[in-house]
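Overview (structure and organization)
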Amino acid sequence: MMLRTDLARAALALALAAAMPAAVHGHEEAAGPEGLDWHLTSYGDSDRTVPVPWYVDATLRLEDGTARGAAGCNDLMAQYALDGDRLSLDSVGHTEISCTGDVMAVEDGYLAALPEVAAWAMDTSGATGERRLLLYD
């Protein structure tokens with residue numbers, strides 16, 4: 001899913017979802033992408049978006065300049081810089097456990113896309129308590 005803004009021309013699209021705890025839902029400090037556990041729901045580009053199978057857990061957490069998460073079967077880590085709607089992830093690394101099938105396909109797509117991220121947007125049009133973080137190149 002891509003948000004219709006100037007970013008809609010981007011070739012890369014990652015969508016991540018997070019359930020917002022009732023205590024922070026709607027508060028200013030929860031408005032950005034930091035401090036939440038995001039779960040990858042789809043990845044791809046403007047021509048083709050691939051949904052992530054329910055059994056593949058690819059995640060991302062941005063906190064204090066460090067990005068951590070799971071790429072599918074491997075852990076990932078990176079440094080990030082956030083400036084307004086701009087986001088960059090540098091030095092993306094991961095563990096090297098062998099995986100197969102859909103898990104490997106998601107992991108390969110996710111790890112290839114993360115270094116290309118240049119911007120983010122929030123989609124709050126989803127179900128109550130759920131927000132989607134959209135990452136673009």
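Use the structure listed above.
The structure displayed is predicted, hence computed values, not measured ones. (Residues numbered from 1 in each chain as written. Predicted model: local features only at pLDDT ≥ 70, side-chain atom pairs only at ≥ 80, totals over all residues. Heavy atoms only, no water.)

**Describing the overall build of the chain**
For clarity, the threshold we go by: Helix numbers and strand numbers start at the N terminus; a helix is a DSSP run of H or I with at least 4 residues, a strand a run of E with at least 2. For the exposure calls, accessible area comes from a 1.4 Å probe over protein chains only, and a residue counts as buried if that area is under 20% of its type's maximum, exposed if over 50%, partly exposed in between. Two residues qualify as a contact provided that any one of their heavy atoms is within 4.5 Å of a heavy atom in the partner residue.
Looking only at helices and strands, the chain has one helix and nine strands in total. Secondary structure elements of the chain occur, N-terminal to C-terminal, as β-β-β-β-β-β-β-α-β-β. By residue count, 43% of the 137 residues in the chain fall in the buried class. Counting only contacts in the chain whose residues sit at least 6 apart along the sequence, the fraction spanning at least 24 positions is 56%.

**Some remarks on the packing of aromatic side chains**
Basically, it comes down to this: Any pair of Phe, Tyr and Trp rings, taking the six-membered ring for Trp, is counted once the centres come within 6.5 Å. Such a pair is stacked with planes under 30 degrees apart, edge-to-face with planes over 60 apart, and tilted for the rest.
Taken as a whole, this structure holds one aromatic pair when the rule is applied. When the ring of Trp-54 is compared with that of Tyr-55, the centres are 5.4 Å apart and the planes differ by 90°; the resulting orientation is edge-to-face.

**Regarding the side chain of Arg-132**
Cut-off, in case you're wondering: Note on charges: Lys and Arg go in the positive column, Asp and Glu in the negative column, and His and the chain ends are not counted at all. Salt bridges, as used here, are contacts in which a Lys or Arg side-chain nitrogen is within 4 Å of a carboxyl oxygen on Asp or Glu. For the purposes of these results, a polar contact is taken to be a pair of N or O atoms within 3.5 Å, where, inside protein, one atom must be able to donate a hydrogen and its partner to accept one; residues adjacent in sequence count only when each atom of the pair is a side-chain atom.
For Arg-132, the position within the fold is in strand S9 (residues 130-136). Notably, Arg-132 is buried but unbridged: the nearest opposite-charge side chain belongs to Asp-123, and the N-O separation is 4.1 Å. A polar contact is formed between the side chain of Arg-132 and the side chain of Thr-41, at a distance of 3.2 Å.

**Notes on the nonpolar core**
Counted only if it meets this: Nine residue types can take part in a nonpolar core, namely buried Ala, Val, Leu, Ile, Met, Phe, Trp, Tyr and Cys, and a core is a set of them joined through side-chain atoms within 4.5 Å.
Leu-14, Leu-16, Leu-40, Leu-89, Tyr-110 and Leu-135 are the most contacted members of the largest nonpolar core, which has 31 residues in total. Of all the secondary structure elements, the ones that give two or more residues to this core are strand S1 (13-19), strand S2 (38-44), strand S4 (59-63), strand S6 (75-83), strand S7 (86-94), helix H1 (101-113), strand S8 (119-123) and S9.

**What about the pattern of salt bridges?**
Taken as a whole and judged by the stated rule, the model has two salt bridges. Taking the shortest distance from any N to any O, the salt bridge between Asp-37 and Arg-61 comes out at 3.0 Å. Placement of Asp-37 in the loop between S1 and S2 and of Arg-61 in strand S4 is noted, with a sequence separation of 24 residues between them. Using a relative accessible area of 45% as the deciding quantity, one classes Asp-37 as partly exposed.

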